[in-house]
Each structure stands twice: as C-alpha cells, then as structure tokens.
Amino acid sequence: MGRTETVRLEDFLRLTALEELLGGVAHEINQPLNAIVIASQVIRLRVERSRLPEEEEAFLTERLDLIASQAQRAAQIMESFRSLGAVDISSDTQSSFQALFEQIQALMGQQFISRGIDLICETHDPPSPVKGAPQTIRGIMVQALAFARDMVQAIGDWHEKHGIAYKRTLNVSLSDEQGRCVF
C-alpha cells in the first residue's frame, strides 16, 4: 500500500471514529433536552390546573412554552449536527437541495447572527432535486457558507478599521438552471 492509500485509510478511520463520537454526543445531549421538554409540559399542566391568578398563570405558561420550544430547537440542531456525519454511501440518492440548505442554515444561523452578518437566501425557481450522498452535499454547503461567512467578516473588519461604512450581508441564491441546481 502506497503513502497516498495509507493517508486515505487513516483519514477514513479518523472520520469514522469522529462520526461515531458525534452520534454518541448528539444522543447524550438529546436525553436531557427531552427531559426538559417533558418536565416543562408537566409543570405547565400543573400550572393550568392550579388556582393561580390569570396573569400569573399566563406568565408561567409563556415561560414554560419558551423553555420547551428552545429545548426542542436545541434537539433539532443536535439532530442536524448528528446527521452531518451520517454515512450514506449511495450516490444515487435524490435530495431536495433547498431542504438540505435549510438544515445547514439552521445549524449555522447563530454564527452569522453573532458576527453581525445578515444571511439572506433567495430562491428563484425551485431547484431540481440533487443526486448524491446528502452528507457530502451538506458538507460542501457547510464549507461554502463558512468560507463566505469568514470573508464577509474579514471585509467588514477591514472597512470598520478604516472607518468606512459596510453592511455585513451574505446573499445566497438557490435556483435551477437547465435542470441543475445552482447555489
């Protein structure tokens, strides 16, 4: 076995181990998130059955709904994170490009917000389904968005350093051109 094949095998084994680790971490984090959702629902029922003043009941119910929705959101993010490493060796899979992009956008959205970057996605003509392994397509999207995010931030930092107004915006366009998805 040559040097190139050895490196590829080592990379494959490392990625496989990382995949297993990500799946385990996502599963372990989902357990307490599920417990939080269930506990907030039980407490909400108790609050509804109590004889609290209407204003106090509404306040507590609103907060419990917020807790449950944020825990569910975190669970969805963990599921997206876990699915990034999912093995799918089939290259004949048809996937909705827009759905795959929305998964990545949900996963990375906070990174854009924390850097003051507006991520705007425009869809012109629904993109055709794409053929290929979904995890590969997601990986390409993650890399493209991470690179674009870092470039927008660097350009914004340069403008800020030089006192030049600059709106940190990343425009993403999804379209179909002659049966091919364009990102």
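Look above for the structure.
None of the values given here were measured: they were computed from a predicted structure.

*Asks:* Before we move on, could you go through the nonpolar core and cite the residues and values that matter?
*Replies:* Core analysis: the biggest nonpolar cluster contains 19 residues, and Met 108, Phe 112, Met 141, Leu 145, Leu 170 and Val 172 have the highest contact counts within it. Elements with a minimum of two residues in this core: helix H3 (97-114), helix H4 (134-161) and strand E4 (169-177). Examining the composition of this core, we find that seven residues originate from one element, H4, more than from any other. For Val 172, the contacting residues outside a window of four places in its chain are Phe 101, Leu 119, Ile 120, Cys 121, Glu 122, Leu 145 and Phe 183. Within the second largest apolar cluster, six residues are counted, among which are Val 37, Ala 71, Ala 75 and Met 78.

*Asks:* I'd like a rundown of the sheet that holds strand E2 (residues 118-124), residues and numbers included.
*Replies:* The strand order across the open sheet built from three strands is E2-E4-E5, with neighbouring strands paired in mixed fashion. Edge positions in the sheet fall to E2 and strand E5 (180-182), since each has one partner strand and no second. Each strand axis lies, on average, 15 degrees off the axis of its neighbour in the sheet, ignoring direction. Together, E2 and E4 form the strand contacts of H4, whose direction differs from that of E4 by roughly 145 degrees.

*Asks:* With reference to specific residues and values, describe H4.
*Replies:* Compared with an ideal rise of 1.5 Å per residue, which puts 28 residues at 40 Å, H4 spans 40 Å between its outermost C-alpha atoms and is within 8% of the ideal. Just downstream of H4 lies Gly 163, where phi reads positive at about 70 degrees.

*Asks:* Which residues make up H3, and what values do they have?
*Replies:* Here H3 is 18 residues long and its end C-alpha atoms lie 26 Å apart, about the 26 Å a rise of 1.5 Å per residue gives. Met 108 marks where H3 bends most, by close to 50 degrees. Residues of H3 that are buried include every one of Phe 97, Leu 100, Phe 101, Ile 104, Met 108, Gly 109 and Phe 112, and no others. Looking one or two residues beyond H3, the residue adopting positive phi is Gly 116, at roughly 70 degrees.

*Asks:* Give a detailed account of the pattern of salt bridges, specifying residues and quantitative values.
*Replies:* Overall, the coordinates contain seven salt bridges when judged by the stated rule. Asp 118 is paired through a salt bridge with Lys 167; the nearest N and O atoms lie 2.4 Å apart. Within this pair, whereas Asp 118 is found in strand E2, its partner Lys 167 is found in the loop between H4 and E4, the two being separated by 49 residues in sequence. Note on Asp 118: relative accessible area 35%, which makes it partly exposed. Note that Asp 157 and Arg 168 form a salt bridge whose closest N and O atoms lie 2.7 Å from each other. Of the two residues, Asp 157 is situated in helix H4 and Arg 168 in the loop between H4 and E4; the sequence distance between them amounts to 11 residues. Looking at Arg 168, the relative accessible area reads 13%, which means it is buried. It is possible to trace a salt-bridge network through shared partners that takes in Arg 44, Glu 48 and Asp 65.

What counts as what
Residues numbered from 1 in each chain as written. Predicted model: local features only at pLDDT ≥ 70, side-chain atom pairs only at ≥ 80, totals over all residues. Heavy atoms only, no water. Core = buried A, V, L, I, M, F, W, Y, C linked by side-chain atoms within 4.5 Å. Buried < 20%, exposed > 50% of the residue type's maximum accessible area, 1.4 Å probe, protein only. Helix = DSSP H or I, 4+ residues; strand = E, 2+ residues; numbered from the N terminus. Contact = heavy atoms within 4.5 Å. Pairing = 2+ DSSP bridges. Axes fitted to C-alpha atoms, helices over the stretch in contact; angles between N-to-C directions. Expected span 1.5 Å × (residues − 1). Bend = angle between axes of the 7 residues up to and from the residue. Salt bridge = Lys/Arg side-chain N within 4 Å of Asp/Glu carboxyl O.

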